[in-house]
Amino acid sequence: MNSVARASIEKIFREEYGRAVAVLTRKCGNIDDAQEAVQDAFAEALQRWAANGLPPSPRGWIVTTAIHRAIDRHRREATREQRYSFAAADTHDSIELDEESAVRDDQLRLMFTCCHPSLGTSAQVALTLRLIGGLETAEIAHAFLVPEATIAQRVVRAKAKIRDAGVPYRVPQPADLGERLNAVLAVIYLIYSEGYKASAGEQLTRASVSTEAMRLGRTLLELLPNEAEVLGLLALMLLNESRRETRVNAVGELVLLADQDRNRWNHTLIAEGLLLIEECRRRNRWGPYQLQAAIAAEHMRAADAAATDWSAIKAYYDQLMALAPTPIVAMNRAVAIAEVDGPTEALGVLDQHPLPSFYLFHAIRADFLQRCGRAQDAVAAYDEAICLADNAVERDFLKRKRARLL
Amino acid sequence: MKQYLLSIYQPSDSPPPPPEMLDPIMRRIHELQTDMKDAGVLMFTGGLHPPSTATVVRATPAEMLITDGPFIEGKEHLGGFLIIQVADLDQALAWAKKLAAIVLTLSIEVRPFQNVGA
């Protein structure tokens, strides 16, 4: 038999972690015991797989072994109060692998638990990455640029709240599903965006969080194939991702979509994203993520910036404004209006929904002002934007735009 | 089953609404309590007099201190509370939502009790 390197074992466990913890949480009745059992299985795999090679089904092996280890622990601790609910699992031989549908429900349950509205957003994010994504706290800390102890504490506190406050391990009732699903989608997109906004110097280290978010999106789509917004979110992430390499040039400067080298976009991701959008169109149950993805798709479809169908984009923004009228949507809609109806019209629309503390609002305003021939006002707006920009790449970009006006 | 404390917080600086507004609210709270009783959920409930009626007792090794309350002067204070017994947080939140919809804009804090037998 071939021995297996530690790195390969770690990789397999990373991929199977969320699924295994989800099943074990149901078996054990709590998350901590589930994690411990999966960790035990990992320790055993390090010995067995390294010596004997991979089992026929690593996925099945991990869950079965973790259940065995959980039962062992339960037996050792049986004198203590009843903590487990292994009703039928009396002997090792009686364990049968669950139906795939039961495992899917487990995974969904864990996702909804991690994103329960009683948890704060930062706790939802940390818990989702740790439990579903199988990331170590150090990796999460690295991706979010916070100390590892902070993430560790968030995870511990969130798990304690789930346990003590009685957050149920359950897929929400149909009446609540929409709202609760939105929370899950928001967490996944937040994770994606965290990796996407990384500036040049940190690109490599933080891009992996975006990859993780797309994996979560794919898992969620497998679990909830009928939810159109899940399709939309995955499409949105794939289409954004396809441009990652071209957003910053060789010297680390920000490149606007119109100026990006379209040949260097990732056309495999674009093709997949466009296919998902076609499916959204077929289902015709548009929601905010699908509309944002459809807007991205319009950009990706155009052979060059001049060929962009801004009327279609404006129409999607109109729909988006009707569904999710946030100031950010209003701001982006103004950009489309500038292309369709001109900068004067757009400036009026933009100023109806001011975002005075957001650099992009002032940057867009500066651009409109410049196109209206109001250079002096544009310089002032760029100054505001430069003050508010939150990373060096953005600041440098704005300074170059401003310099061209003087 | 778990027990939860539902605390109703109300602003300290604004006077209570006039009777023509307050009465229907109190009637609906009473109806909700009846629903809770019918569902076997309600353990205890009570409204509190304003914080100005509170007295604080505190012992130090040297003496027993009794002072005019409240313990904490805040922009908001505990106006009343309910103790309910339900299966999990989602059920507790479902009742809290019904209460919040009645007392509109007041915050309801939902907190689990420790060590309630299964």
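What counts, and where the lines are drawn
Residues numbered from 1 in each chain as written. Chains lettered and ligands numbered in written order. Predicted model: local features only at pLDDT ≥ 70, side-chain atom pairs only at ≥ 80, totals over all residues. Helix = DSSP H or I, 4+ residues; strand = E, 2+ residues; numbered from the N terminus. Buried ≥ 20, exposed ≤ 12 C-beta atoms within 10 Å, placed from the backbone. Contact = placed C-beta atoms within 7 Å. pLDDT = per-residue confidence, 0-100. Axes fitted to C-alpha atoms, helices over the stretch in contact; angles between N-to-C directions. Parallel < 35°, antiparallel > 145°, perpendicular 65-115°, else oblique. Nonpolar A, V, L, I, M, F, W, Y, C, P; charged D, E, K, R; others polar. Pairing = 2+ DSSP bridges. Core = buried A, V, L, I, M, F, W, Y, C linked by C-beta atoms within 7 Å. Expected span 1.5 Å × (residues − 1). Bend = angle between axes of the 7 residues up to and from the residue.

Asks: What exactly am I supposed to notice about the overall build of chain B here?
Replies: Looking only at helices and strands, chain B features two helices and six strands. Seen through its C-alpha atoms, chain B measures out along the principal axes to roughly 50 × 45 × 20 Å. Burial statistics for chain B: of 118 residues in total, 11% are counted as buried. For chain B, restricting intrachain contacts to residue pairs at least 6 apart in sequence, the fraction spanning at least 24 positions comes to 78%.

Asks: What exactly am I supposed to notice about the overall build of chain A here?
Replies: Helices and strands together make up the secondary structure of chain A, namely 18 helices and zero strands. In terms of its C-alpha atoms, chain A occupies a principal-axis envelope of roughly 80 × 45 × 40 Å. Here chain A, with 406 residues, has 38% of them falling under the buried criterion.

Asks: Teacher, can you tell me more about unusual backbone geometry here?
Replies: What you tend to see is this: most non-glycine residues have negative phi, and most peptide bonds are trans. Of the consecutive residues Gly69 of chain B and Pro70 of chain B, the connecting peptide bond is found in the cis state with omega at 0°. Mapped onto the elements, Pro70 of chain B comes out in the loop between β4 (64-68) and β5 (76-86). Within the chain, Asn284 of chain A stands out as a residue other than glycine whose phi angle is a positive 55°. Within the fold, Asn284 of chain A resides in the loop between α11 (267-283) and α12 (288-301).

Asks: Any chance you could explain the confidence of the model for chain B here in plain terms?
Replies: Reading fine detail from the predicted coordinates is not recommended where pLDDT is low. Residues and elements named next belong to chain B. A residue-level look at chain B finds 97% of positions with pLDDT of 70 or above and a mean pLDDT of 92. β4 is the least confidently modelled element of chain B, averaging 92 in pLDDT, while strand β6 (residues 107-112) averages 97, the highest of any element. The complex model carries a pTM of 0.85, and its ipTM stands at 0.86.

Asks: Help me understand the packing of helix α8 (residues 174-196) of chain A against helix α10 (residues 228-241) of chain A, please; the structure alone is not making it clear to me.
Replies: Between two packed helices, the angle of one axis relative to the other and the distance separating the axes together describe the packing. Residues and elements named next belong to chain A. In the contact formed by α8 and α10, the axes pass within 11 Å of each other and the chain directions differ by 0°. The orientation of α8 relative to α10 falls into the category roughly parallel. Of the residues in α10, those in contact with Leu185, Ile188, Tyr189, Tyr192 and Tyr196 of α8 are Glu229, Leu233, Met237 and Asn240. Among the residues making up the contact of α8 with α10, the classes are represented as seven nonpolar, one polar and one charged.

Asks: It is not clear to me how the sheet that holds strand β1 (residues 2-11) of chain B should be interpreted in this structure. Could you clarify?
Replies: Sheets are built from strands that pair by backbone hydrogen bonding, the pairs being arranged parallel or antiparallel. All names here are of chain B. Taken in spatial order, the four strands of this open sheet run β2-β5-β1-β6, and their pairing is antiparallel. The outermost strands of the open sheet, each flanked by one partner alone, are β2 (42-47) and β6. For this sheet the average axis-to-axis angle between neighbouring strands, irrespective of direction, equals 20°. In the packing of helix α2 (residues 89-102) onto the sheet, contacts are made with β1, β5 and β6, and the angle to β6 comes to roughly 160°.

Asks: I would appreciate a short explanation of the nonpolar core in the present structure.
Replies: The tendency in soluble globular proteins is for nonpolar side chains to be buried side by side. Judged by nonpolar contacts, the single largest core of 118 residues is most densely connected at Leu24, Val38, Ala66 and Ile188 of chain A. In this view, Ala66 of chain A contacts Ala20, Leu24, Ala37, Val38, Asp40 and Ala41 of chain A; residues no more than four positions away in its chain are not counted.

Asks: How should I be thinking about the environment of Asp105 of chain A in this particular structure?
Replies: Residues and elements named next belong to chain A. Structurally, Asp105 is set in helix α4 (residues 100-114). Here Asp105 falls in the partly exposed class, since 18 other C-beta atoms lie within 10 Å of it. For the pair Asp105 and Arg170, spaced 65 residues apart in the sequence, the C-alpha separation amounts to 8.6 Å.

Asks: Before we go on, may I ask you to explain the interface of chain B and chain A in this structure?
Replies: It is common to give the size of an interface as the accessible area that goes away when the parts come together. Each partner contributes to the interface: chain B provides five residues, whereas chain A provides six residues. Across the side of chain B that touches chain A, the residue classes break down as two nonpolar, no polar and three charged.

Asks: Hey, could you run me through helix α2 (residues 31-52) of chain A in this one?
Replies: In an α-helix there are 3.6 residues to a turn, and that puts residues three or four apart on one side. Residue and element names in this part refer to chain A. If you check α2, its first and last C-alpha atoms are 30 Å apart, about what 22 residues at 1.5 Å a residue would give, namely 32 Å. Of all bends in α2, the biggest is about 30°, found at Ala45. Among all positions in α2, only Ile31, Ala34, Gln35, Ala37, Val38, Ala41, Phe42, Ala45 and Trp49 are buried. Here the buried face of α2 lies against α1 (6-28), α3 (58-76), α5 (121-132) and α7 (148-164). At the C-terminal side of α2, Gly53 shows a positive phi close to 90°.

Asks: Could you clarify how one ought to interpret α1 of chain A in this entry?
Replies: Residue and element names in this part refer to chain A. Taking 1.5 Å as the rise per residue, α1 with 23 residues should run 33 Å; its terminal C-alpha atoms sit only 28 Å apart, a clear shortfall. Along its length, α1 reaches its greatest deviation from straightness, about 50°, at Glu16. Every buried residue of α1 is listed here: Glu16, Tyr17, Gly18, Arg19, Ala20, Val21, Ala22, Val23, Leu24, Thr25, Lys27 and Cys28. Buried residues belonging to α1 abut α2, α3, α4 and α5. Note on α1: the residue one or two positions beyond its end, Gly29, has a positive phi of about 85°.

Asks: Explanation requested: the pairing of β4 of chain B in the structure shown.
Replies: All names here are of chain B. Of all five residues that make up β4, zero are buried, and the element is exposed over most of its length. Across five bridges, the pairing between strand β3 (residues 55-59) and β4 is antiparallel. The residue bridging Val57 from the neighbouring strand is Ile66, located in β4. Adjacent in sequence and paired antiparallel, β3 and β4 are bridged by four residues.

Asks: When you look at the environment of Leu388 of chain A in this model, what are you seeing that I'm missing?
Replies: Residues and elements named next belong to chain A. Here Leu388 lies in helix α17 (residues 375-388). On the basis of neighbour counts, which here come to 19 C-beta atoms within 10 Å, the residue Leu388 falls in the partly exposed class. Residues Leu388 and Pro356, spaced 32 residues apart in sequence, show a C-alpha to C-alpha distance of 9.4 Å. Once you skip the residues sitting within four places of it in the chain, Leu388 turns out to touch Ser357, Phe358, Tyr359 and His362.

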